[in-house]
Amino acid sequence: MKKFVRFINAMNDRIGKVACILILPMAAVTVYEVMMRRVFNAPTAWGFEMTVYIYGAHYMFGMAAAYLYDRHVRIDIIVLQLPRKAQLWLRLITFWIIFVPFIGCFTYAAIVYAAHSWEIWEHSWSAWKPPLYPYKTVMPVTMFLLLLQGIANFFRDYYELKGEKI
């Protein structure tokens, strides 16, 4: 199991680092769109929509890495006052009560959402009309990566509670 945890951690770390690079094309498209719109008074039909797609992929692919490094948003003022063992017990319990049902349902819904988009070969309503099915496939893939990272974090916390390192 420790090998699985190390593999998932390494995979999501690498995916997170690659996802960081998506900021560069997003910035380039944004600068290009602003220049075309403000300087040349010739806005593009695709610029804004492309930035939304790139940012969405950047955000979604970064979720598992954020969870790996415990950099996600949460309010844990009370929990931080507890001893480390109590914190670990709470993480193990809330994993099954909150994380698994929520992420499991979200992953299932994302699969249905993306599958429907593929069935109808969905395209955007904009003038540019890019296909949406590849973009919507990002959601179930990244939710599955987040689910795997949650499982890896669960076992990491479990081993830490036992006094072992991964």
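These notes cover the structure that comes with them.

Procedures and definitions
- Residues numbered from 1 in each chain as written.
- Predicted model: local features only at pLDDT ≥ 70, side-chain atom pairs only at ≥ 80, totals over all residues.
- Heavy atoms only, no water.
- Patch = residues over 30% accessible without salt bridge, like charges linked within 9 Å, V, L, I, M, F, W, Y side chains within 5 Å.
- Areas by Shrake-Rupley, 256 points an atom, 1.4 Å probe, with all protein chains shown as cover.
- Salt bridge = Lys/Arg side-chain N within 4 Å of Asp/Glu carboxyl O.
- Helix = DSSP H or I, 4+ residues; strand = E, 2+ residues; numbered from the N terminus.
- Buried < 20%, exposed > 50% of the residue type's maximum accessible area, 1.4 Å probe, protein only.
- Axes fitted to C-alpha atoms, helices over the stretch in contact; angles between N-to-C directions.
- Parallel < 35°, antiparallel > 145°, perpendicular 65-115°, else oblique.
- Left-handed = near helix turned anticlockwise from the far one by under 90°.
- Contact = heavy atoms within 4.5 Å.
- Nonpolar A, V, L, I, M, F, W, Y, C, P; charged D, E, K, R; others polar.
- Expected span 1.5 Å × (residues − 1).
- Bend = angle between axes of the 7 residues up to and from the residue.

Next up on the list: a nonpolar patch on the surface. Where nonpolar side chains cluster on the molecular surface, the patch consists of Trp89, Ile93, Trp96, Ile97 and Ile98 and spans about 590 Å² of accessible area. For Ile98, the position within the fold is in helix α4 (residues 84-119). Accessibility expressed as a relative area gives 53% for Ile98, which makes it exposed.

To continue, consider the packing of helix α2 (residues 23-39) against helix α3 (residues 47-68). Look at α2 against α3: their axes get within 9 Å of each other, and the N-to-C directions meet at 165°. For the element pair α2 / α3, the angle class is roughly antiparallel. Considering the relative orientation of α2 and α3, their crossing is left-handed. Here Ile23, Pro25, Met26, Val29, Thr30 and Glu33 of α2 lie close against α3, whose contacting residues are Gly47, Met50, Thr51, Ile54, Tyr55 and His58. Of the residues assigned to the contact of α2 with α3, the class counts are 7 nonpolar, 4 polar and 1 charged.

This next bit is on α4. Compared with an ideal rise of 1.5 Å per residue, which puts 36 residues at 52 Å, α4 spans 48 Å between its outermost C-alpha atoms and is within 8% of the ideal. Of all the bends found along α4, the most pronounced is centred on Phe95 and spans about 50°. If you check which residues of α4 are buried, you get Gln87, Leu88, Leu92, Phe95, Phe99, Ile103, Thr107, Ala110, Ala114 and Ser117. One or two residues past the end of α4 sits Trp121, with phi positive at roughly 50°.

As a further point, take the pattern of salt bridges. Tallying each qualifying case throughout the model produces 11 salt bridges. Residue Asp70 is joined to Arg74 by a salt bridge in which the shortest nitrogen-to-oxygen separation is 3.0 Å. For Asp70, a relative accessible area of 29% puts it in the partly exposed group. Of the residues examined, Arg74 reaches a relative accessible area of 38% and is grouped as partly exposed. Here Asp70 ties to Arg91 by a salt bridge, and the two come within 3.7 Å at their closest N and O atoms. Taken together, the residues span a long stretch of sequence, with Asp70 in the loop between α3 and α4 and Arg91 in helix α4 at a distance of 21 residues.

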